[in-house]
Every structure is written in C-alpha cells, then in structure tokens.
Amino acid sequence: MHRHSRKIFASCAALVLWMVALSGAPRAQTRMPRVEFKQRTLANGLRVLSAVDKSSPTVAIQVWYKVGSKDDPDGRSGFAHLFEHMLFKSTKNMKSEMMDRLTEDVGGNNNAFTADDVTVYYEVVPSNYLETLLWAEADRMGSLNVDDPNFKSERDVVKEEFRSRVLAPPYGRLFYLLEQKSFVDVDALRVAEVILSGGESSRLYRSLVYEQQIAAQTSAVSDLREDVSLFTYLAILASEKKPEEAERALLAEIKKMQDAPVSAAELEKAKNQLVTAQLHERETNNGKALAIGDAAVLLGDPQRVNTDLARLEKVTAADVQRVMKKYMTDANRLVIYYLPESMKKPAGSPRGTNSNGATKGGE
Amino acid sequence: MNLRDKIFRHAFYALALIVLTLAMLASAAFAQAPAPQATPPPPAAPRTVKFPAPAERTLANGLRVVVIERHTTPLAAARLLVKTGGEADPAQLAGLADMTASLLTKGTTTRKAPEIAEQIEALGGSIESGARWDASQANIDAQASRLAPAMEILADVVRRPVFESEEIERLRQQYLDNMSVALSQPGAIARFVASRVVFGDEPYGHPLSGTLESVAQIKRVDIVKFHETYYRPDNAILVIGGDVTAGEAFQLAEKLFGDWKKPASALPASAARKVSAGAKPRVVVIDKPDAGQAAVLVTRLGINRKDQDFFRGLVANSVLSGYSGRLNQEIRIKRGLSYGAGSSLEVRRDTGPFTATAQTKNESGAQVADLLLGELARLANGELPDAELTPRKAVLIGGFARNLETVGGLVSQVASLALYGLSFGEMNTYVNNVQSITAADVKRFASSRLPSQGASVIIVGDAKKFLPALKEKYQNVEVNPVAELNLNGGVLRQAPKTP
C-alpha cells in the first residue's frame, strides 16, 4: 500500500467520485440502499462516475488506472509498486509530497494500492475540497516529474517497506487458477468463499482452527477479475504444526465441498453475511466509491454495484458444488509454503513436488 | 477621403473588431479547457454535521444504558463494557482479564462455542470480545432488523459464560502461539519492553495478553473469580446504536439485562493508579542478532483521559505523528530511514504512556533514536508556525469525522466517553476544542508534560550494528540478549537462579 505505479492510459482510467447523500433511508427488513450514480466520458476518454451522499461532510475521490503488477517488466518485479510511490513526488505544478499537504493538511487522507490489474489512487477530504483534489489528480495524471533524487529516496522507502514485511509466521498457501468463468460461476465462487471462510462458523475455521488446531488463522479469497483470476486458500500455522498437515486439511475441506452440496442453512447464512458485508462497506464514502470502481473497472459494468446481490441470491447449493468441482482441480493448483529459516529442510534436500505435480517452494 | 473609402475603412475596422473579439473569445475558451492552471483551486465553503445527543437511562440493577440513533444505513451495533480491564490483572497472572473476556464467546450454559458463532453468523452478524486497559468488552454488529436476536446472544455470553476447561486450553494455546510470534518481531518486543520501562511492576506494565509464563499459570478458578468479581451490572455500560429507536433499544436492554442481579458485595476499587513520574529514564537494548530491522522507541509517562491538558496533548502529538507529522517528515520523507515513524499519546483512566517509534535498518538504530528525541525537544523549544499547526489540527478533526461515519465507529465513540465519565457533548465540541489550541499551548504542553530529558530509549535489533554509536551518546545502556528477556517485571532480566 501507501505508495505503489502507473502507465497512463487516460482513456482507461475511471474517476470515481463519491459525494455524500440522502439521509433518512427507510427502515424495514434489510434492503440494500441503491447506489445512485451518474456516468459520463470526457472528450479525452476519461470515464467519470459520481454519486451524491450528504450524511457525512466528506468526499472520496478515486482514480483507477488499468495497470498493475501483472505489467511489471521482466526481471523488474515490484516496478508497478515503486511507480505508484512516484506519483506522490513532484509534478509540473506540485512539489514533492504536495498531495499529502492537500489532503492531510485539511483533515483528509490519501493513499494508493497496486493490484495485479489496477493501480488505484484515492483521497478522502472535507467535501468543500473536491475541486482542489480533482485539480491535483489531473496534474499528476498529466505532468509527473521523475528525477533521480526523487526516485532514489523513494526506492529506499520501498526497501524499508519490504524489510518491515519480511517477518511473518509460517503459512501454507494454495492457489487455484480460474479461467473462462461465466457470471453464474463467479457468483457461486463468491458464495463458496464465504461458506469456507466467513467467520468462526465457517468450514475452514471450524475444522483447521477450532477442531484440529492445525492453524492459527485461515482464509479463502476469491480474487475474481475479468480474465484470469485466483482463488487462494491460506492457513497460518499453529505452533509446532507442519505445512503438510495444513495442506492436507485444506484439501480435505475442498473435497467435502465437491463431494456433497452445502446445506440450505449454510447457503442462507453465507448470503446473509454478504448482505451485511456490503452494508458495512457502503457506510463510508470511500467504500461506496470502491464498490463503484470495482463494478466499473474490474467487473466491467458499473450497474453491477446494484445488481450483484440479487444475482447472489440466485446461487444454489448445486452451483456451489459445481464450481468447486470445475475449478478446484489438481491441475489448476499451486502450493507455496512460507517457513522461517529454522524450519527449513537441511541443505541438499530436493524441493518437494507433490503427487499431482504442483510446485512447492520455500520463500 | 471619399465616401467609398470611409465606408470601406469602417467596414474594415468593424470586421477587424469582430475577428479580434472572436480570437479573444477563442483563446479564452482555449485557456479554460486544456491548459491546466498552476495552482490548486481554493476550497468551497465548509460543511458540518451535528451529532444527535444520545439517550440514556440506568436500570434498577445499576446497568447504565446509552442509545445513539442513526438511520442512514440498516445496521446496528451494541457494546457491553465492564469497567475493569487488564489493569486489574494480579501481578503473577498477566493476561487474566483478556483471557476471561475472550472466553465469553466460547460457551454459555445453553450454547457451545460453535453454536454461538453459528447463530450470530446465521443472522449475518458478528460477535467479538476481549479486554483492553480499563475495560472488558463484548461487541455485536448486525443488520438492524436482526438486532434483537443478536443482542440475546450478547446478553447470554456476558452473563452466563461457563469457561469450559477444553476452551480454556484451546485459548491458552492460541495466546502462547501469538506471544511466540510477537516475540520474534522487534516492533512487538519494543512495545512490551516500553510498558515495563514506563510502568515497572505497576498495573499498566505487563503485556495485556500476558506473558509466556503468566498465561501458562492462569487457572480456571482465577477466570471464574475474575468474572464473578467484576462482571456485574453496576460495573457495566451497555451502548446500543444505529438504525434503532431509543424506545426499542431501552426495551431490549430491560428485557435482556433487567434481571441481571447486582451482588450484595461492594464493588472493588479500580486497580489503576497514578504512577510516579520520578522514575529514572533508561536506555534499553534488546539484542536480537537475527533481526532484519531494528525497532526504535522513545517513551515516557503521558497524561490520563480526564487531564485538563487532554486537547493540548492531542494536538501536540498530532504535530509529531501522522504521515506528514514531524517524525515521519524527518525520518522517512527527508532521510528515507524508515517506512514510517509516528507517535502516540495513549490516554487511559490513569496516566498512560507517550511513545514515539520507527523501524529502521539496524545500522541506523542510534541515529533514529537521536532523531526521535530531537523532535521531542524541538516541540518544547522550537518554533511552531501557524502554517504548520493549522493543518495538524485539521488532521485530528478530519480523522474524528471519518471515525464517526460508521455505526460501529459512532457507537464505540459514545462507549468510550461513557467509560471515562465524560460528557457526550464532547462529540459536538471536539472541533472547537481542537481549534482553540495555540502554538504556545503546544509548546507549554511539550515542555511541561513531555520533556525529552525524562524519556527512555528502547532499541530491539542486531545490537552490534548500532551499539557503538549508542554508547558514544549514553553511559547507562542496558543490553539484554533477547533469550534472557523477562517481561514479568520492570527489571526485564531473568531472576538469578536461587539455590
């Protein structure tokens, strides 16, 4: 995060504004308040999506560039992230760190993140500063200065960021590569994700953390993008446990989902959890803007910000079982163990390869 | 000049005028569109939001109930606070309050742990519990239409936990695992050591979640006794908020907590007490040769939540901390020595700590300690221009407003004011309270309440890479190998083996 790149494709960038809104929403059985947004495209191709909300005196501004770490040049991994940092340095009209002056100094904040497909820059400021920040985003979109001192000092910061993240408890991670997904499949995968890892009654928590006590923490995350995406399982190991045990337990839970349909109660619970999660996300203006940006840029249609839940309601237990079988195959799987130095196998022992040929590497 | 010439000339001038005007209009239009202006446009008039006053009443058993309404999103939240937290841990049983609170959701007389999780999550809600300094707490978040069944679970876990041995052992293992992980990280070790350096053997000195030794010693009987002693309606506050009316909320509170019996015994006094500020500053190094980075921390006693200097302290800390605060400016932005530097002024029922900290490569450990202390001294002695102070106050005001954007944030803020016996009006006076602080206030606060001479320095990292530079500056450097670190007391060293 803070300070991650861009190649500018103004025509691909989506600018999402979320201005604050109408209050006094009707109370009732939980109904998702609609996100009313406007959309237009400037002459230069920049798409602008905006929505009004007046319950908080703030405005969230997000600029989504369709470039990310998948665009890192060969042998220069991390380039997109470092580039993201550079957008906080100087431009033709702004001194270094001026973005921070324009946000923090008025009581707002700003940040950015680099994902595989996108780099997103955002600001949350008192709403009367909207025009000021639009100017600043336009300025760094059009006139960035990349000079040597800026670049070197920022590269040092990224190095410290890297050092500060190296230490982590041991974990095992399973990745499944998902290709050519239909909309129905995507929805079913999202429901599967919640059944597997939503809260302490989820299947992974109940089995790996609570009952078997193999893991201290588990998660299943579906990173569902337009083209190729990943479904990732993570188990942070409990002390004295081996990654092989966690891998076996994860695979067993995946197999259960493939062998039998989930119960009606589990399905209902997952849908309920998805409704609450969406309500929480949209409590803040920045959260609403992220939802619009996600729908417009990653899902390809901003209307999905209002239609996704209705589609999720249609997911059946059979759908969930079907996608688990279709995508969670041995051939689609990559397994990684992250271990501290002390748990490393003795030198000379070969890197493991599991029975189905997926690579296991220590980091 | 003949008539024809005149007509011609006038016509020419008229035409020229039109062309010129058009050209000017065109250039104006051109300037408006693509050529960007060189300075940012000024802000429009500011907008404000006023927070409604919470409603409150006290039940016959002494439970204080507070309700804050907000109807913008169909969400609701409740917080049950017991006004006793980690400060009440007995000396040998650090972590007792936190373990007790964490076990609330792990089984009641009618629900096993998995059932609690299953039922609250089936409602689309969540429950969590734990202790902090000054309070033990259970929280629920839920869709407003499901608040009643969610609160039934909240009341059950607070009033009727069973503390099953199996659950205690499971949690104990998790605490030990978490502590082992924390003890491999320089930043976490530095924070644990800092508490011991500031508070010694006093109530805020130990790690909130206990030490490897104390957690191993906690027995079921200690947990049951802690719950019996402190979890009582006259030592608790219930805050309910979100898309619910005060009438509905009070009714729920009465129904679910009205028959919670108040014990006949008197309530035990708070364990927290003022720590003497006279303790000598220390310079403590924890040598961890395998550390990839050194954690550097400067710490001293700060203020309590009800201190009359609270807002001065808040603004003073804001000048130092935050992305554009002085610490990060000097350490990250100007020198690239760290991914981030910052400080905190933790306010509690009694005096809490002030800490300034940064992680850096081992070689820069001593330099970063100097920079942290230097900024503390500069705040007391140097200039603080309005151009710098005004934005640092805006940071506080903006952060405050953002925290209150969510129902959970709003309810937590109300709960915190209730816990410390402060007026709910503070939510609406906060902005003015911050705005009224002057540069002279900050300077006075820094010199009288946070003098750098009283601050201790802690560095956790690969000592050989920063110790020579540190020793040049300080004579009283204590060096502890990480393997010998003892967090059970202020001395920090393992007691010598007695025969």
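Definitions and limits used
- Each chain has its residues counted from 1, running along the sequence as written.
- Naming scheme: in the order in which they are written, chains are lettered from A and ligands are numbered from 1.
- Only residues with pLDDT of at least 70 are given local features in this predicted model, and only at 80 or more are side-chain atom pairs given and counted; all residues enter the totals for whole chains, interfaces and linings.
- Hydrogens and waters are ignored; side-chain quantities use all the structure's heavy atoms.
- The helix count covers DSSP runs of H or I at least four residues long, the strand count covers runs of E at least two residues long, and both are numbered beginning at the N terminus.
- Whether a residue is buried, partly exposed or exposed follows from its accessible area with a 1.4 Å probe, protein chains only, as a fraction of its type maximum: under 20%, in between, or over 50%, in that order.
- It only takes one pair of heavy atoms within 4.5 Å for two residues to be counted as in contact.
- Every accessible area reported is derived by Shrake-Rupley at a probe size of 1.4 Å, with residue values counting cover from the shown protein chains alone.
- Each of two parts loses accessible area, computed with a 1.4 Å probe, when they are put together; buried area is these two losses added.
- When a carboxyl oxygen of Asp or Glu lies within 4 Å of a side-chain nitrogen of Lys or Arg, that pair is called a salt bridge.
- Under this definition, polar contacts are N or O atom pairs within 3.5 Å; protein pairs additionally need one hydrogen-donor-capable and one acceptor-capable atom, and for neighbouring residues in sequence, both atoms have to be side-chain atoms.
- Any residue outside Ala, Val, Leu, Ile, Met, Phe, Trp, Tyr, Cys, Pro, Asp, Glu, Lys and Arg is labelled polar, Gly included; the first ten of those are nonpolar and the last four are charged.
- Strand pairing is defined by DSSP finding a minimum of two bridges between the two strands.
- To obtain each axis, a line is fitted to C-alpha atoms, and for helices this fit is confined to the stretch in contact; angles are then taken between N-to-C directions over 0 to 180 degrees.
- For Phe, Tyr and Trp, rings pair up if their centres lie within 6.5 Å, where Trp contributes its six-membered ring, and each pair is then called stacked (planes under 30 degrees apart), edge-to-face (over 60) or tilted (otherwise).
- Scored from 0 to 100, pLDDT records how confident the predictor is in each individual residue.
- Throughout this description, the term nonpolar core refers to a set of buried Ala, Val, Leu, Ile, Met, Phe, Trp, Tyr and Cys residues connected via side-chain atoms within 4.5 Å.

### Some details on the overall build of chain B
A count of helices and strands for chain B gives 17 helices and 12 strands. With 499 residues in all, chain B has 55% of them scored as buried. In chain B, 81% of the contacts between residues at least 6 apart in sequence involve partners at least 24 apart. Looking at chain B as shown, the accessible area adds up to about 21,700 Å², and 56% of this sits on carbon and sulfur atoms.

### Some details on the overall build of chain A
If you tally the helices and strands in chain A, you get 11 helices and 11 strands. Taking all 363 residues of chain A together, the buried fraction comes to 55%. As presented, chain A carries roughly 16,100 Å² of accessible surface, and 55% of it is formed by carbon and sulfur atoms.

### Details of the interface of chain A and chain B
How large an interface is tends to be reported as the accessible area lost when its parts come together. With 69 residues of chain A at the contact, the number on the chain B side is 67 residues. Carbon and sulfur atoms supply 51% of the area buried between chain A and chain B, which totals about 5,600 Å² over both sides. On inspection of chain A and its partner chain B, the count reaches 4 salt bridges. Across the pair Glu118(B) and Lys269(A) runs a salt bridge, and its minimum N-O distance is 3.5 Å. Our count for the contact surface shared by chain A and chain B stands at 23 residue pairs in polar contact (both at pLDDT 80 or more). Looking at the side of chain A that touches chain B, the elements with two or more residues in it are α2 (98–104), α3 (130–142), α4 (148–166), α6 (203–211) and α8 (264–281) of chain A. The element that contributes the greatest number of residues to the side of chain A that touches chain B is α4(A), accounting for 8 residues. Grouping the amino acids of the side of chain A that touches chain B by side-chain chemistry returns 21 nonpolar, 28 polar and 20 charged.

### Regarding the sheet that holds strand β2 (residues 64–69) of chain B
Residue and element names in this part refer to chain B. Read across the sheet, 6 strands follow the order β1-β2-β6-β3-β5-β4 without closing on themselves; strand pairing throughout is mixed. Taken across any chain shown, the strands that pair with only one partner, and hence form the sheet edges, are β1 (55–58) and β4 (126–132). Strand-to-strand twist of the sheet, defined as the mean angle between neighbouring strand axes without regard to direction, takes the value 15°. The pairing of β4 with strand β5 (residues 135–143) spans 7 bridges and is antiparallel. Bridge pairing in β5 links Ser129 to Ala138. Across the sheet, helix α2 (residues 96–103) is in contact with β4 and β5; its angle to β4 comes to roughly 165°. Here helix α14 (residues 407–419) sits on the sheet in contact with β2, β3 (75–82), β4, β5 and β6 (236–242), set at roughly 25° to β3.

### Some words on the environment of Ser136(B)
Residues and elements named next belong to chain B. Looking at the secondary structure, you find Ser136 in strand β5. A sequence separation of 35 residues divides Ser136 from Ala101, and the C-alpha atoms of the two residues are 6.0 Å apart. Setting aside residues up to four positions removed in sequence, Ser136 forms contacts with Leu80, Leu81, Val82, Thr84, Gly85, Ala97, Ala101, Gly130, Ala131, Phe226 and Tyr231. Of the polar contacts made by the side chain of Ser136, one reaches the backbone oxygen of Thr84; its length is 2.7 Å.

### Concerning the sheet that holds strand β12 (residues 477–481) of chain B
Residues and elements named next belong to chain B. Reading across the sheet, the 6 strands line up as β9-β10-β8-β11-β7-β12 and stay open at both edges, with mixed pairing between neighbours. Each end of this open sheet is capped by a strand with a single partner; those strands are β9 (341–345) and β12. Direction aside, the axes of adjacent strands within the sheet are offset by 15° on average. Alignment of strand β8 (residues 294–301) against strand β11 (residues 456–461), held across 5 bridges, turns out to be antiparallel.

### Describing the pattern of salt bridges
This structure, assessed with the given rule, holds 53 salt bridges over all chains. In this structure, Arg333(A) engages Asp330(A) in a salt bridge whose closest nitrogen and oxygen atoms are separated by 3.1 Å. Under the relative-accessibility criterion, Asp330(A) is labelled partly exposed at 44%. Arg312(B) serves as the salt-bridge partner of Asp309(B), at 2.6 Å between the closest nitrogen and oxygen. On the basis of relative accessible area, Asp309(B) is assigned to the buried category, the value being 13%.

### Some details on the packing of aromatic side chains
Residues and elements named next belong to chain B. Within this structure, the stated rule accounts for 14 aromatic pairs over all chains. Between the aromatic rings of Phe226 and Tyr230, the centroid separation amounts to 4.7 Å while the plane-to-plane angle is 50°, which identifies the pairing as tilted. Taken together, the positions of Phe226 and Tyr230, both in helix α8 (residues 220–230) and 4 residues apart, correspond to about one turn of that helix. Of the two residues examined, Phe226 and Tyr230, each falls in the buried class. Ring centres of Phe310 and Phe311 lie 5.0 Å apart, and the angle between their planes is 75°; this geometry places the pair in the edge-to-face category. Each member of the pair Phe310 and Phe311 is classed as buried. The structure contains a cluster of three or more aromatic residues connected by ring pairs, namely Phe310, Phe311, Phe400 and Tyr430.

### Considering the environment of Leu314(B)
Residues and elements named next belong to chain B. Relative to the elements of secondary structure, Leu314 occurs in helix α10 (residues 310–320). Along the chain, Leu314 and Leu396 lie 82 residues apart, while their C-alpha atoms are 8.1 Å from each other. Every residue in contact with Leu314, bar those within four places of it in the chain, is listed here: Leu345, Leu396 and Tyr430.

### Digging into the pairing of β8(B)
All names here are of chain B. Of all the 8 residues making up β8, 8 are buried; the element is thus mostly covered by neighbouring parts of the structure. Where β8 and strand β10 (residues 353–360) come together, 8 bridges link them in antiparallel fashion. From the neighbouring strand, Leu301 faces β10, where its bridge partner is Pro353.

### Details of the environment of Met86(A)
Residues and elements named next belong to chain A. Checked against the element boundaries, Met86 lands in helix α1 (residues 79–86). For Met86 and Glu97, which are 11 residues apart along the polypeptide, the C-alpha to C-alpha distance reads 10.0 Å. If sequence neighbours within four positions are ignored, Met86 has contacts with Leu144, Val146, Asn150, Phe151 and Glu154.

### Quick look at the confidence of the model for chain A
Residue and element names in this part refer to chain A. In the predicted model, chain A carries a mean pLDDT of 82, and the fraction of residues at 70 or more is 82%. Of the regions scoring below 50 in pLDDT, residues 1–14 engages in 85 contacts with residues more than four places distant in sequence or in other chains. Between residues 18–28, whose pLDDT stays under 50, and residues either more than four places distant or in other chains, the model counts 38 contacts.

### Quick word on α2(B)
Residue and element names in this part refer to chain B. The element α2 is largely enclosed, with a buried count of 8 among its 8 residues. Listing the buried residues of α2 in full gives Leu96, Ala97, Asp98, Met99, Thr100, Ala101, Ser102 and Leu103. Buried residues belonging to α2 abut β4, β5, α5 (165–182), α7 (212–217) and α8.

### As for the nonpolar core
Grouped together as the largest cluster of nonpolar side chains are 120 residues, with contacts concentrated most on Val191(A), Phe231(A), Tyr233(A), Val320(A), Met324(A), Met427(B) and Leu470(B). Ranked by residue count, the leading element in this core is helix α12 (residues 365–381) of chain B, at 9 residues. Counting 56 residues, the second-largest nonpolar core is a separate cluster that includes Val65(B), Ala101(B), Ala138(B) and Ile140(B).

### Some thoughts on the side chain of Asn362(B)
Residue and element names in this part refer to chain B. Looking at the secondary structure, you find Asn362 in the loop between β10 and α12. Relative accessible area serves as the criterion here: at 2%, Asn362 is assigned to the buried category. Within the structure, Asn362 has its side chain in polar contact with the backbone nitrogen of Asp462 (distance 2.9 Å). Once residues lying within four places of it in the same chain are set aside, the contact partners of Asn362 are Ala291, Gly292, Gln293, Ala294, Gly461, Asp462, Lys465 and Phe466.

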